[in-house]
Amino acid sequence: MSVELESLLSQLPEHAADIKINLGRVLAEEGSPGLSRSEILAVALACAYACRCQSLADALEGQADGLAEAETRAAKAAAALMAMNN
């Protein structure tokens, strides 16, 4: 995880503590065994979209040079599904 992403995670509000913990875990390869780097980024991007944290989404999109457009669209679709389930 980059220093920029760590800094952004530290700025999440207290009520988003679970999101902060889970994103911190999923962004680390050891926290996501069996997932590729692009899969990790797609999951994290979906979470950023779902919690409407634009600064985190922007930072992840900057790191997501390995993501295909279809993967980015899938992350947005996953975020929409998460919102419906919440």
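Residues numbered from 1 in each chain as written. Predicted model: local features only at pLDDT ≥ 70, side-chain atom pairs only at ≥ 80, totals over all residues. Heavy atoms only, no water.

A. Seen up close, the environment of Gly-34. Turning to its location among the elements, Gly-34 is positioned in the loop between α2 (17-26) and α3 (37-50). The class of Gly-34 is exposed, set by a relative accessible area of 80%. (Helix = DSSP H or I, 4+ residues; strand = E, 2+ residues; numbered from the N terminus. Buried < 20%, exposed > 50% of the residue type's maximum accessible area, 1.4 Å probe, protein only.)

B. A look at the environment of Val-26. With respect to the secondary-structure elements, Val-26 resides in helix α2. Residue Val-26 is classed as buried on the basis of its relative accessible area, which comes to 13%. As a C-alpha pair, Val-26 and Ile-40 span 14 residues in sequence and 6.4 Å in three-dimensional space. If sequence neighbours within four positions are ignored, Val-26 has contacts with Ser-32, Ile-40, Val-43 and Ala-44. (Contact = heavy atoms within 4.5 Å.)

C. How the structure looks around unusual backbone geometry. In this structure, Arg-52 is a non-glycine residue whose phi angle is positive, near 55 degrees. The residue Arg-52 is located in the loop between α3 and α4 (54-63) in this model.

D. Highlighting the pattern of salt bridges. All told, the structure shown has 1 salt bridge when counted by the stated rule. When the shortest N-O distance is used, the salt bridge between Glu-69 and Arg-73 registers 3.1 Å. Residue Glu-69 and its partner Arg-73 are both found in helix α5 (residues 69-85); the two are separated by 4 residues, about one turn of the helix. (Salt bridge = Lys/Arg side-chain N within 4 Å of Asp/Glu carboxyl O.)

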